[in-house]
Amino acid sequence: MKKTKSENDELKSKHDAKANSKEQVLDLYDDDIRNVELLIDAHSNDPFEVMYLQTYDDSPMAKEADDIVIRVEVTTVSRIDCKIRNGSFPWKYGMRPPFPMCPGIDCVGTITSVGSAAIKSGLDLGDRVAALSLNGCTAKYVKLKIDDVIKVPDDVDSAEAVVVLQTYVAAFQCLLTNIDGMNRYSRKPLKNDKVLIVGPFGVFERATVELAFYLGARKVYFSCIARDQPSYDTSIRMLGAKPLSMDPDDWSDELEGMIDIAIETSCLDRYEHSYRSLTEEGILVTTSMHEIDKNNDWLSGIEKGWVKTWAAMNPKCFPYDGVVENYLQDRKQFMKDVMYLFHVLEKRKIKPKIGARIPMMKVAEAQDKLDINPESVEKRGMTVVEPWLLPQTYDSLTFKQKKGEKVEEKESREG
């Protein structure tokens, strides 16, 4: 059927809009010199409201002696990014970056510019490095300090390496909470230990199972806290662990007095059953209180404070405040742990699972999905961002156009 003039005009308008959108996206990516950052300009529960892409006339250069600049190959989309964006991340005093803020707490990339001190430290142009930067990594280029980075083995995939930085280091540190010195890196520091994991089937829990077996654990039990818990049992078995019911009353008697290391991320029962499962020398590592946090009221706040106090005063309990806190408190130990795990990754003894590789255009969408159903997203693996990856479609360009205005090109920020 022949189209009317108005219908033809509408189709032409849509075609022109799509062509212009595509041209603008390609313009952001084609120029190798110009930097592009993903920015947020306010705290919000809706990532689409506050995220936009900012282009610059050039890429940053090393100005100070200890500066390095890397061309980012990959960064991640994590729950920490979502907390930073919605304002719930507990920044230490004076550490919260000002708006506009660039998300992305970790990255792997290639050095493109170095200061004189960086060269003396053994870093040079073309070296492949990884960094936990806390913010600023969702960009084509990022400026760092020499103390922030560690070299990445040549044969290691960038996406797998960046997952190690945040996820596997946290799992490693939880499992080896009470093991210090070189014993930490001995062949089987957890030889014949029995490990219990209670929490959702996320990327952290998956990494914990994988590392527990590599470090010598004889048995790993996993009580998956999820809405459709039985659907995760097959995945847990494939990792070599024994799935347990999410109701601790179903396994408490079976495991009582048997567990050497219990790692809890849910606090479904104030850690009561996990604590009962410990041997006389066993330890309970507490990482978060997902179940209590779901009820954001004053009563939950009191309960959370009571549980924290109990855990802090109990000699068998070790609260783990996260990889970021560990990095800030003991960067030297963090770097040693990363170096060891990169060696393990290079030998293919661990296999980080990548759920999706996305361009910067898709970060808002990825964060939105993580907010809605983190268990479902993380079951597939870690979402990684490849800043140089072109989007398959161009409809998502709109989130970068603040209030309908085209992003202006400005000089690179010097900070």
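Note that this is a predicted model, so its numbers are computed, not measured. (Residues numbered from 1 in each chain as written. Predicted model: local features only at pLDDT ≥ 70, side-chain atom pairs only at ≥ 80, totals over all residues. Heavy atoms only, no water.)

### Digging into the packing of aromatic side chains
Aromatic ring pairs are defined here through the distance separating the ring centres and the angle between the ring planes.
Step number 1: Taken as a whole, this structure holds nine aromatic pairs when the rule is applied.
Step number 2: Judged by centre distance (4.9 Å) and plane angle (70°), the rings of Phe89 and Trp91 are edge-to-face. Each member of the pair, Phe89 as well as Trp91, is classed as buried.
Step number 3: Ring pairs connect the aromatic residues Phe172, Tyr185 and Tyr340, which therefore count as one cluster.
Step number 4: The cationic tip of Lys316 hangs over the ring face of Tyr275; the distance from NZ or CZ to the ring centre is 5.6 Å.
Step number 5: Its end group placed over the ring of Tyr232, Lys379 keeps NZ or CZ at 4.5 Å from the ring centre. (Phe/Tyr/Trp six-rings, centres within 6.5 Å; stacked < 30°, edge-to-face > 60°. Buried < 20%, exposed > 50% of the residue type's maximum accessible area, 1.4 Å probe, protein only. Lys NZ or Arg CZ within 6 Å of the ring centre and 35° of its normal.)

### Re the sheet that holds strand S11 (residues 259-264)
Across a sheet, strands are paired by hydrogen bonds formed along the backbone, either parallel or antiparallel in direction.
Step number 1: Pairing in this open sheet of six strands is parallel, and the strands run S10-S9-S8-S11-S12-S13 from one edge to the other. Lying at the two open borders of the sheet, with one neighbouring strand each, are strand S10 (242-244) and strand S13 (317-319). Taken over all neighbouring pairs, the strand axes of this sheet differ in orientation by 20° on average, direction set aside.
Step number 2: The pairing of strand S8 (residues 194-199) with S11 spans four bridges and is parallel. (Pairing = 2+ DSSP bridges. Helix = DSSP H or I, 4+ residues; strand = E, 2+ residues; numbered from the N terminus. Axes fitted to C-alpha atoms, helices over the stretch in contact; angles between N-to-C directions.)

### Some remarks on helix H6 (residues 203-214)
Step number 1: Taking 1.5 Å as the rise per residue, H6 with 12 residues should run 16 Å; its terminal C-alpha atoms sit 17 Å apart, in good agreement.
Step number 2: Within H6, 11 of the 12 residues are buried, which leaves it mostly tucked inside the rest of the structure.
Step number 3: Within H6, burial applies to Val203, Phe204, Glu205, Arg206, Ala207, Thr208, Val209, Glu210, Leu211, Ala212 and Tyr214.
Step number 4: Immediately beyond the C-terminal end of H6, within one or two residues, lies Gly216, with a positive phi of roughly 110°. (Expected span 1.5 Å × (residues − 1).)

### Section: the packing of helix H5 (residues 158-175) against H6
The geometry of a pair of packed helices is captured by two quantities: the angle between their axes and the separation between those axes.
Step number 1: Put simply, H5 and H6 touch, their axes get as near as 8 Å, and they point 55° apart. Taken together, the axis directions place H5 and H6 in an arrangement best described as oblique. By crossing handedness, the relation of H5 to H6 is classed as right-handed. In this structure, H5 contributes Thr167, Tyr168, Ala170, Ala171, Phe172, Cys174 and Leu175 to the contact, and H6 contributes Val203, Phe204, Ala207, Thr208, Glu210, Leu211 and Ala212.
Step number 2: In the contact of H5 with H6, the residues fall into 11 nonpolar, two polar and one charged. (Parallel < 35°, antiparallel > 145°, perpendicular 65-115°, else oblique. Left-handed = near helix turned anticlockwise from the far one by under 90°. Contact = heavy atoms within 4.5 Å. Nonpolar A, V, L, I, M, F, W, Y, C, P; charged D, E, K, R; others polar.)

### Brief notes about a negative patch on the surface
Step number 1: Together, Asp247, Asp249, Asp250 and Glu272 line one region of the surface with negative charge.
Step number 2: Assessed through its relative accessible area of 34%, Asp247 is described here as partly exposed. (Patch = residues over 30% accessible without salt bridge, like charges linked within 9 Å, V, L, I, M, F, W, Y side chains within 5 Å. Areas by Shrake-Rupley, 256 points an atom, 1.4 Å probe, with all protein chains shown as cover. Salt bridge = Lys/Arg side-chain N within 4 Å of Asp/Glu carboxyl O. Lys, Arg positive; Asp, Glu negative; His and termini not counted. Charge placed at Lys NZ, Arg CZ, Asp CG, Glu CD.)

### Points about a positive patch on the surface
Step number 1: Together, Arg187, Lys188, Lys347 and Lys349 make up a region of like positive charge exposed at the surface.
Step number 2: Within the secondary structure, Lys347 sits in the loop between helix H13 (331-346) and strand S14 (354-358).

### Here's the deal with the environment of Pro47
Step number 1: Among the secondary structure elements, Pro47 is positioned in helix H2 (residues 47-50).
Step number 2: Between the C-alpha atoms of Pro47 and Glu365, which are 318 residues apart in sequence, the distance is 7.7 Å.
Step number 3: Those residues within four positions of Pro47 in sequence are excluded, and the remaining contacts are Arg85, Ala364, Gln367, Asp368 and Asp371.

### Brief notes about the confidence of the model for the protein
Step number 1: Chain-level statistics for the protein give a pLDDT mean of 85 and a share of 84% at 70 or above.
Step number 2: Under a pLDDT of 50 for its full length, residues 393-398 has, in the predicted model, 11 contacts with residues more than four places off or in other chains.
Step number 3: In the predicted structure, residues 400-415 sits below a pLDDT of 50 and forms 38 contacts with residues beyond four places in sequence or in another chain. (pLDDT = per-residue confidence, 0-100.)

### Some details on the environment of Ala161
Step number 1: As for its placement among the helices and strands, Ala161 is situated in helix H5.
Step number 2: Along the sequence, Ala161 and Cys107 sit 54 residues apart, while their C-alpha atoms lie 8.8 Å from each other.
Step number 3: Among all residues touching Ala161, those that are not within four sequence positions of it are Val108, Val152, Val156, Phe342 and Leu345.

### Focus: the side chain of Asn326
Step number 1: Summarising the element assignment, Asn326 is placed in helix H12 (residues 323-329).
Step number 2: For Asn326, a relative accessible area of 18% gives the class buried.
Step number 3: Sequence-distant contacts of Asn326, that is, excluding residues within four places in its chain, are made with Gln173, Tyr320, Arg331 and Phe334.

### Observations concerning the state of the cysteines
Step number 1: Under the definition given, this model contains zero disulfides.
Step number 2: Just so you know, Cys102 is unpaired, no disulfide at all, and the nearest cysteine sulfur is the one on Cys137, 7.3 Å from it.
Step number 3: You can call Cys102 buried: its relative accessible area is 3%. (Disulfide = S-S within 2.5 Å.)

### Structural notes on the side chain of Asp106
Step number 1: Tracing the backbone through its elements, the reader meets Asp106 in strand S4 (residues 106-114).
Step number 2: One buried charged residue, Asp106, remains without a salt bridge, the closest side chain of opposite sign being Arg79 at 13 Å.
Step number 3: At a separation of 2.7 Å, a polar atom in the side chain of Asp106 contacts the side chain of Thr76.
Step number 4: With near-sequence residues (within four places) excluded, Asp106 lies in contact with Val74, Thr75, Thr76, Ala131, Leu132, Ser133, Cys137, Val162, Leu165 and Gln166. (Polar contact = N/O pair within 3.5 Å; in protein donor to acceptor, adjacent residues only side chain to side chain.)

### Overview of unusual backbone geometry
Step number 1: With an omega of -5°, the peptide bond running from Phe99 to Pro100 counts as cis.
Step number 2: The residue Pro100 is located in the loop between helix H3 (79-86) and S4 in this model.
Step number 3: The backbone of Leu134 shows a phi angle near 75°, a positive value even though the residue is not glycine.
Step number 4: By secondary structure assignment, the location of Leu134 is in the loop between strand S5 (128-132) and strand S6 (141-145).
Step number 5: Unusually for a residue other than glycine, Arg270 sits at a positive phi of about 60°.
Step number 6: Along the polypeptide, Arg270 turns up in the loop between S11 and helix H9 (272-276).
Step number 7: Looking at Arg270, the relative accessible area reads 41%, which means it is partly exposed.

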